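Letter by letter, the chains look like this.
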Amino acid sequence: MTKLIINADDFGYSKGVNYGIAEAHLTGAVTSATMMANMPGLSHALKLRKELPNLGVGVHLSLTLGKPVSPHVELLTDEKGVFKARAHYETHKAEPNQLYEEWKAQVTKLLHLGVPLTHIDSHHHMHTVDGHKEVAERLSEKFELPLRTYPGARRPEQEKYYPAEVYWNIFHAPLMKDMSRPYSEIKDEVLAVLEKGAGKHAAYELVEAGCHPGYVDTILYFQSSFHLPRMREVEILTSPEFLSMLSVYGYELCHYGDWGGL
């Protein structure tokens, strides 16, 4: 039987995102979420988490959205004091010492706020970028928290950092983002894509699937170009057809806290 972690990114981004994650957990397949320590919806996410005792919560490290939580990391920010855009890291690497201090501060902040963290991942997968990987692994070692995997991560000497054998980007398909038609019209096409992925990943022992469920509020709408499709993800994650599909393929839903850490 394949153990499957379905993790919702961006917990703490905004109230709308938080409510979508909660719905996808309480009535759907989401078992885990990763929290952003530097976003305006954090206090709401902290309150909501208390009503979700079975939701594993990790940290969603930020480098490309919002402001830093630690001082003196000016090499990571622009002239307005906010993190540099994702495009910057297509040609540059973050200064490693400041990156370590900032990401360590984000983890520490959530721990001090009483969040029993289960694992580490990052916004825009910044922890998988060359030059950032080593920083993430130092944090994994320091806090004894596993990391989200990426292609080529599970080298024998590093398997302890990346316990999941593969990352299933479950909604990474143009069809999933097509909001020009209601879900009822494209449901069969969507389920066919999902079933193909379910069959492929059932060959592994431990899989992490990433998703971004959420409801649209003004913060999300004006800060992110990825907004309306998050509601589609809530629809799919809570649909009886998707839940049944996971059961048919023998998936056992869990989160990193069930696995036990490093």
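Residues numbered from 1 in each chain as written. Predicted model: local features only at pLDDT ≥ 70, side-chain atom pairs only at ≥ 80, totals over all residues. Heavy atoms only, no water.

1. Section: helix α8 (residues 240-248)
Phase 1: Along α8, the residues classified as buried are Phe-242, Met-245 and Leu-246. The buried residues of α8 occupy an angular sector of 95 degrees when projected down its axis, which confines them to one face. Facing away from the buried side of α8 by more than 90 degrees, the exposed set consists of Pro-240, Ser-247 and Val-248.
Phase 2: Of the surrounding elements, those touching the buried residues of α8 are β1 (2-11), α5 (183-201), α7 (228-237) and β7 (251-254). (Buried < 20%, exposed > 50% of the residue type's maximum accessible area, 1.4 Å probe, protein only. Helix = DSSP H or I, 4+ residues; strand = E, 2+ residues; numbered from the N terminus. Arc of directions from axis to C-beta. Contact = heavy atoms within 4.5 Å.)

2. Some details on the state of the cysteines
Phase 1: The tally for this structure, following the rule as stated, stands at zero disulfides.
Phase 2: With no disulfide partner, Cys-211 has as its closest neighbouring cysteine sulfur the one in Cys-254, 14 Å distant.
Phase 3: Owing to a relative accessible area of 1%, Cys-211 belongs among the buried residues under this scheme.
Phase 4: Assessed through its relative accessible area of 8%, Cys-254 is described here as buried. (Disulfide = S-S within 2.5 Å.)

3. Re the pairing of strand β2 (residues 32-35)
Phase 1: What you see with β2 is no split at all: Ser-32 and Thr-34 on one side and Ala-33 and Met-35 on the other are buried throughout.
Phase 2: Here β1 pairs with β2 via three bridges, running parallel. Directly across from Ala-8, in β2, lies its bridge partner Ala-33.
Phase 3: Handedness of the crossover joining β1 and β2 through helix α1 (residues 15-26) is recorded here as right-handed.
Phase 4: In the sheet, β2 pairs with strand β3 (residues 56-61) via four bridges, with the strands oriented parallel. By the bridge assignment for β3, Thr-34 is matched with Gly-58.
Phase 5: As a crossover connection, the stretch from β2 through helix α2 (residues 42-49) into β3 is right-handed. (Pairing = 2+ DSSP bridges. Right-handed = clockwise from strand over helix to strand, strands pointing away.)

Without other data, these values stay purely geometric and don't point to any function.
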